[in-house]
Amino acid sequence: MANLTVNRLGTSFATPVVLASGPAGFGYELSDALDLAQVGAVTTKTITREPKAGNPQPRLVDCACGALNSIGLENPGVEAFVQTTHARIIQLPLRRILSLAATSHDEMEQLARQAAALSGYDAIELNLSCPNVGGTITGANADAVGDFVRAAVGVSSIPVLVKLPGDSGNLLRSTEQALKAGAAGLTLINSVRGLRIDWNTGRPFLSRVYGGLSGPAILPIALARVFEVREAFPSALIIGTGGLSDLGSCLEMLMAGADLVGIGFGLMVDPELPQKLAGELRHWLDERGMASVEEVIGIAHSGGLGVH
Amino acid sequence: MIRLDRPLVAAVSYPPDNLIKRNMGARVEDKELENRDATLNGSHFFWQKAQLIDRRTSTRYARVLLRGLELPCDVEVGQFVLVRYSDDPCLPRAFSVMSGSDLGLELFIKTEGRVREKFAAAPMGTVFEVRGPYGTPYASKINFNRKYVLVGGGSGAAPLLHFRRKYPHLVAGEVYGFRTEDACDLLNEVDLTVESTTGLRAHEKLQSVWRPGMGIIACGPEAMLRLLAQQYRQEPDVYVSLEARIGCGIGTCLGCSIQTSTGMQRICKEGPLFALEELPWLT
């Protein structure tokens, strides 16, 4: 049977399928729905220094092949997270990535220091690309990306990943700055800024007007970003996220160069999707006599599968 | 004002068990509650296939019956299901259940929007997929020592029709508001308050039905709930059932979180029913 294990960041992920930050909650809510042994890692909801109530309703509106969300990083804040939620997450039998967001270098450093005091996480993911919290998107400014990464790397003993936007800033420059500052890898991409208008009322659907588009609609955008970053930075770790809904899209993402694939929107539609994907991926590899999922990662850059 | 103190943390971090137990009506046995918790937290994460086996439509509404071998029929009053057709990768739609029995799940829906149009047009036998039921049953939240006027607006009538069937002894009166006569033939088991013929809207009709001492359970458009909330905010046991675009349905995505007097709560998990005093923004 084909091996789905992916060894990266000095650790081993049971499968390349990881739960992206957001729709997965803190992971344990899904333990009844999911066989967590089939999941490579859970990425927590993004934690901020202060508690955040998130945005007013409406926070969701759908569209062809996706949805716009405007949750606004609702979370209990780091102190409450440490006191309550943390203990439940570290009992989960899979790799854990802690997602953090901050609005300044100092806040990032303080938050990362608090996170560094926690054991049980395999990496920190800096969410520098949420489109729903106002202000400028840090991830769109390459210098700011480097600055925030340095803040976190300086106080952290575990690998630091950076989640960058797919639709703003110069992604290659931001990636370069992140890696120079010591980031161990990238999560590409966050949801893409979008808008829908209720034509019955003539007003935007979402309370904050714009939202983040996710779902199959953004798959080609995510693939392009992963492909170009892989091409420019052959050894950077990439978690490819954006519109993965079936085996085919996961294979595309791996072939484009993602080491791991993140499921977000797909989890909202079908809580069982991650384990279905892991199963289907194993079956697909078996049918082709491939021993390991490593054999497909990045092959779109090197002539493909060798079939005609 | 957004409150960002400890209750927010409690509401976000914990499953709703505590909440359910705290608000539990006197006549619901602990045993029954345990079973209900098991249903809520347990196995309904899977998409189940269900066939469209009956449908009656009007211009704007449809009453549909879905039946499937493994379709959950033990739906409590106030719970909802998510429905999608084929393996559509888009967000499913949430529908309150109008009745759940061995015959299947009955839904009363407005026929606009992607999934809804499909419901209105699909041939009998079309296979849909259903996930759920989700949400905290009304019975876990209301005071059982009171009788209620049920106030529905449009397709918000669905859970109330379920309520009257299951708890007839708790119903003191009913008001189902519709703009036009369109839905009359679909809901012939109850009298509708039709604005185009009577000139009355649901909250206006309610004034001649409600008497002091009665509670209210309302489900309908936010505008209707607001008008009702302003009128009855001082009264005890007034409950409103809220609607939002549902994402995951299981409480993880926070797409349906709302502010309440005790912090953020999720319509899909702690809701959809809330006591009026929990929702200061509605009044």
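Quick caveat: nothing in here was measured; it's all calculated off a predicted structure.

Conventions adopted
- Per chain, residue numbering runs from 1 following the sequence as it is written.
- Starting at A for chains and at 1 for ligands, labels are handed out in the order in which the entities are written.
- Given that this is a predicted model, residues contribute local features only at a pLDDT of at least 70 and side-chain atom pairs are listed and counted only at 80 or more, while totals for whole chains, interfaces and linings are drawn from all residues.
- For the side-chain quantities, the full set of heavy atoms in the structure was used; hydrogens and water were omitted.
- Pairing between two strands is assigned when DSSP locates at least 2 bridges connecting them.
- We count a stretch as a helix when DSSP gives it H or I for four or more residues in a row; a strand needs E for two or more, and each element gets its number in order from the N terminus.
- Axis lines are fitted through C-alpha atoms, for helices just across the contact stretch, and the angle between N-to-C directions can take any value from 0 to 180 degrees.
- In this analysis, rings of Phe, Tyr and Trp, with Trp reduced to its six-membered ring, are considered paired at centre separations within 6.5 Å, and the interplanar angle assigns stacked below 30 degrees, edge-to-face beyond 60, and tilted for intermediate values.
- For every residue, the accessible area obtained with a 1.4 Å probe (protein chains only) is divided by the maximum for its type, and the residue is called buried under 20%, exposed over 50%, and partly exposed between those limits.
- Two residues qualify as a contact provided that any one of their heavy atoms is within 4.5 Å of a heavy atom in the partner residue.
- Buried area counts how much accessible surface, traced with a 1.4 Å probe, disappears from two parts once they are put together, with both parts' losses summed.
- Salt bridges are identified by distance alone: a Lys or Arg side-chain nitrogen within 4 Å of an Asp or Glu carboxyl oxygen.
- Polar contacts, as counted here, are pairs of nitrogen or oxygen atoms within 3.5 Å of one another; within protein the pair requires one atom able to donate a hydrogen and one able to accept it, and residues that are adjacent in sequence qualify only if both atoms are side-chain atoms.

A.B. asks: I keep staring at the sheet that holds strand S14 (residues 210-214) of chain A and nothing clicks. Help me out?
C.D. replies: In a beta sheet, neighbouring strands pair by backbone hydrogen bonds and run either parallel or antiparallel. Residue and element names in this part refer to chain A. Strand order in the open sheet formed by four strands is S5-S6-S14-S11, with antiparallel pairing between adjacent strands. A single partner strand is all that each edge strand has here, and the edge strands are strand S5 (60-63) and strand S11 (192-195). When the angles between neighbouring strand axes are averaged without regard to direction, this sheet yields 40°. One ladder, built from three bridges, connects strand S6 (residues 66-69) with S14; its direction is antiparallel. The residue of S14 that forms the bridge with Leu-68 is Leu-213.

A.B. asks: Is there a simple way to think about the packing of aromatic side chains in this case?
C.D. replies: What characterises a pair of aromatic rings is the spacing of the ring centres plus the angle enclosed by the ring planes. All names here are of chain B. Evaluated as defined, the whole model comprises nine aromatic pairs over all chains. With a centroid separation of 5.3 Å and an interplanar angle of 15°, the aromatic rings of Tyr-61 and Phe-108 are classed as stacked. Placement of the pair is Tyr-61 in strand S2 (residues 61-67) and Phe-108 in strand S5 (residues 104-110), with a sequence separation of 47 residues. Residue Tyr-61 shares its accessibility class with Phe-108, and that shared class is buried.

A.B. asks: Would you mind showing me how to read the interface of chain B and chain A here?
C.D. replies: Many descriptions give the size of an interface as the accessible area lost when the pieces come together. If you look at the interface, chain B gives 37 residues, while chain A gives 40 residues. Buried surface at the junction of chain B and chain A, both sides included, amounts to about 3000 Å², of which 61% is carbon and sulfur. For the pair chain B and chain A, the interface holds two salt bridges. The partner of Arg-93 of chain B in a salt bridge is Asp-62 of chain A, with the nearest N and O atoms 3.2 Å apart. Counting across the chain B and chain A interface gives 11 residue pairs in polar contact (both at pLDDT 80 or more). Among the elements of the structure, helix H1 (6-13) and strand S12 (257-260) of chain B are those that each provide at least two residues to the side of chain B that touches chain A.

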